[in-house]
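Chain by chain, the residues run as shown.
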Amino acid sequence: QVHLVESGGGLVQPGGSLRLSCVVTGGIFRIYAMAWYRQVPGKQRELVADIDTAGGVTYSSYTEGRFTIARDNAKSTVYLRMDALKPEDTAVYYCNGNGYTSGGYTEGPYWGQGTQVTVSS
């Protein structure tokens, strides 16, 4: 069974930085396209950034160059580095994985339990 476990959230002052990590167990990490989403109470979960199996990345416009997504296949881990954090970045951040191969095999989506990020002075 595939599990995603996030860590690295917490309380940070405006302008500060955090690095979130998501470890994937029970699956073949290298076939998973990975993503980070976030959600605040009363709103839909929204995409923050994603990284495909080849390392190609996309970011939502509101990250404004402040966030960096990366993956380490040897550690089955995806990261989200967040700099210049703003109060509006406060949310629960979720890790997401979708497996696929060129032969048409698919699996997922898989979700982690979320990690709280609070940006406040």
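This write-up is about the structure you can find in this document. (Residues numbered from 1 in each chain as written. Predicted model: local features only at pLDDT ≥ 70, side-chain atom pairs only at ≥ 80, totals over all residues. Heavy atoms only, no water.)

1. Things to note about the state of the cysteines
- Evaluation of the coordinates by the stated rule reveals 1 disulfide.
- Across the disulfide from cysteine 22 sits cysteine 95; the S-S distance is 2.1 Å. Measuring handedness by torsion sign, the sulfur bridge of cysteine 22 and cysteine 95 sits at about -85 degrees and is left-handed. Residue cysteine 22 is located in strand β3 (residues 18-25), and its partner cysteine 95 is located in strand β9 (residues 91-100); the two are separated by 73 residues in the primary sequence. Per residue, the accessibility class of cysteine 22 equals that of cysteine 95, and both read buried. (Disulfide = S-S within 2.5 Å. Helix = DSSP H or I, 4+ residues; strand = E, 2+ residues; numbered from the N terminus. Buried < 20%, exposed > 50% of the residue type's maximum accessible area, 1.4 Å probe, protein only.)

2. Quick look at the side chain of serine 21
- Topologically, serine 21 is positioned in strand β3.
- Residue serine 21 is classed as buried on the basis of its relative accessible area of 14%.
- Ignoring anything within four residues of it in the chain, the contact list for serine 21 reads Val5, Glu6, Ser7, Trp36, Thr77, Val78 and Tyr79. (Contact = heavy atoms within 4.5 Å.)

3. Considerations on the sheet that holds strand β1 (residues 3-7)
- Within the open sheet, the 4 strands sit side by side as β1-β3-β8-β7. Their pairing is antiparallel. Two strands bound the open sheet, and with one partner strand each, they are β1 and β7 (67-72). Taken over all neighbouring pairs, the strand axes of this sheet differ in orientation by 15 degrees on average, direction set aside.
- Relative to strand β8 (residues 77-82), β3 runs antiparallel, the two being bridged by 6 bridges. Note that in β8 the partner of serine 21 across the bridge is tyrosine 79. (Pairing = 2+ DSSP bridges. Axes fitted to C-alpha atoms, helices over the stretch in contact; angles between N-to-C directions.)

Worth remembering: the numbers are spatial, not functional.
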